[in-house]
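# A structural walkthrough
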Amino acid sequence: MIKENIEKLLNSELTNYRISKLTGIDQATLSRFKNGKTKIGDMKLDNALKLNNLWEEYKMEIVNTKFIEGFEKDMDNVVSDGVYEYTLSKITFGDGSTKYEVNLEVDGDADVFEPKYFDKEEEAREYIKNDM
C-alpha cells in the first residue's frame with residue numbers, strides 16, 4: 001500500500017520541487033524514482049514514510065473545483081433579505097477522486113451553510129430539487 005501511495009504521489013500534479021519542499025527529499029532523488037532509474041522498493045524507509053504521509057495529506061486536498069450550475073431558491077416563506085442560490089460544483093481531490101458539492105449561498109457568500117457532498121451528480125441534483 002505504501003508503495004502504491006508513493007507511485008500515486010510521484011504521478012500526481014505535484015512537482016518534484018513542491019514535494020521536495022514539503023518532505024526535505026532532494027529533487028534529484030525524486031526524479032530518479034519518478035523516472036524509474038531507482039526502484040521505489042529500494043527507497044530508504046525515512047523517505048518512504050515522508051512520501052506516504054504527504055500522499056495521505058494530499059489525496060484529500062481539493063485540487064480543482066468546477067462550477068456546474070446555479071439554482072435560485074424561492075425564499076418567499078422566510079423572513080430574510082438577500083438572494084439565496086444553490087450552487088452545484090464538481091470537486092476533484094488530489095487522488096483523482098471526485099465529489100459533487102451542493103452549497104447554499106446567500107448574496108454570494110458560500111460560508112453561511114455547510115456544503116453537502118455526493119458521489120453522483122444525479123444525487124446532488126435530486127437533493128437540490130427536493131429542498132427547493
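Remember, it's a predicted structure, so these values are computed and weren't measured experimentally. (Residues numbered from 1 in each chain as written. Predicted model: local features only at pLDDT ≥ 70, side-chain atom pairs only at ≥ 80, totals over all residues. Heavy atoms only, no water.)

## Some details on the overall build of the protein chain
The line we're drawing: Each helix is a run of DSSP H or I of at least 4 residues and each strand a run of E of at least 2, with the numbering of both proceeding from the N terminus. Using a 1.4 Å probe on the protein chains alone, a residue whose accessible area is under 20% of its type maximum counts as buried, one over 50% counts as exposed, and one in between counts as partly exposed. Residues are treated as being in contact if the distance between any of their heavy atoms lies within 4.5 Å. Here the accessible surface of atoms and residues is derived via Shrake-Rupley with a 1.4 Å probe, and residues count as covered only by protein chains that are part of the display.
Looking only at helices and strands, the protein chain has five helices and four strands in total. Across the protein chain, helices and strands are ordered from the amino to the carboxyl terminus as α-α-α-α-β-β-β-β-α. In the protein chain, buried positions account for 34% of the 132 residues. Once local pairs closer than 6 in sequence are excluded, the contacts in the protein chain between residues at least 24 apart make up 45%. When the accessible area of the protein chain is evaluated, it comes to approximately 8,700 Å², of which 45% is carbon and sulfur surface.

## A few points about the packing of aromatic side chains
Quick note on the threshold: Think of it this way: a Phe, Tyr or Trp ring, Trp meaning its six-membered ring, pairs with another when their centres are within 6.5 Å, and the plane angle makes it stacked under 30 degrees, edge-to-face over 60, tilted otherwise.
By the definition in use, this model includes three aromatic pairs. Summarising the aromatic geometry, the rings of Phe118 and Tyr127 are spaced 5.5 Å apart at their centres and angled 40 degrees between planes, so their arrangement reads as tilted.

## What about the environment of Thr98?
Residue position: Thr98 is located in strand 3 (residues 98-106). Residues Thr98 and Tyr117, 19 residues apart in the sequence, show an inter-C-alpha distance of 9.8 Å. If we skip the residues at most four places from it in the chain, Thr98 touches Lys90, Ile91 and Thr92.

## A word on the sheet that holds strand 2 (residues 84-93)
For the record, the criterion: In this scheme, strands are said to pair when DSSP sees at least two bridges between them. Interaxial angle, 0 to 180 degrees, is taken between N-to-C directions of lines fitted to C-alpha atoms, where a helix line uses only the stretch in contact.
Taken together, the four strands give an open sheet; going across it, the order is 1-2-3-4, and neighbouring strands pair in antiparallel fashion. Looking at strand neighbours, the two that pair on one side only are strand 1 (62-72) and strand 4 (116-118), the edges of this open sheet. Neighbouring strand axes in the sheet, compared pairwise and without regard to direction, differ in orientation by 25 degrees on average. Pairing between strand 2 and strand 3: nine bridges, direction antiparallel. Residue Ile91 lies in a different strand from strand 3, and its bridge partner there is Lys99. Helix 5 (residues 121-131) rests against strand 1, strand 2, strand 3 and strand 4 of the sheet, and its axis sits at about 165 degrees to strand 2.

## What about the packing of helix 1 (residues 2-10) against helix 4 (residues 45-58)?
To keep things clear, this is the line we draw: Any angle from 65 to 115 degrees is called roughly perpendicular, while one under 35 is roughly parallel, one over 145 is roughly antiparallel, and all others are oblique. The handedness criterion is simple: a crossing whose near helix is rotated anticlockwise from the far helix by less than a right angle is left-handed, and one whose near helix is rotated clockwise is right-handed. Gly counts as polar in this scheme, as do all residues outside two lists: the nonpolar Ala, Val, Leu, Ile, Met, Phe, Trp, Tyr, Cys and Pro, and the charged Asp, Glu, Lys and Arg.
Between helix 1 and helix 4, the least distance of the axes is 9 Å, while the angle of their chain directions is 70 degrees. As summarised for this structure, helix 1 and helix 4 are arranged roughly perpendicular, according to the angle between their axes. Judged by the sense of rotation from one axis to the other, the crossing of helix 1 with helix 4 is left-handed. When helix 1 is examined against helix 4, the residues Ile2, Asn5, Ile6, Lys8 and Leu9 are found in contact with a partner set consisting of Ala48, Leu51, Asn52, Leu54, Trp55 and Glu56. Considering only residue class, the contact of helix 1 with helix 4 consists of seven nonpolar, two polar and two charged.

## Structural notes on the environment of Pro115
With respect to the helices, strands and loops of the structure, Pro115 is situated in the loop between strand 3 and strand 4. With residues up to four places along the chain from it excluded, the contact list for Pro115 reads Glu101, Val102 and Asn103.

## Focus on the pattern of salt bridges
The cut-off we apply is this: When a carboxyl oxygen of Asp or Glu lies within 4 Å of a side-chain nitrogen of Lys or Arg, that pair is called a salt bridge.
Here the structure, examined in full by the defined rule, presents five salt bridges. In this structure, Glu69 engages Arg125 in a salt bridge whose closest nitrogen and oxygen atoms are separated by 2.9 Å. One end of the pair, Glu69, is in strand 1; the other, Arg125, is in helix 5, with 56 residues separating them in the sequence. According to the relative accessible area criterion, Glu69 is partly exposed, its value standing at 31%. Note on Arg125: relative accessible area 31%, which makes it partly exposed. A network of salt bridges, in which partner residues are shared, links Glu69, Glu121 and Arg125.

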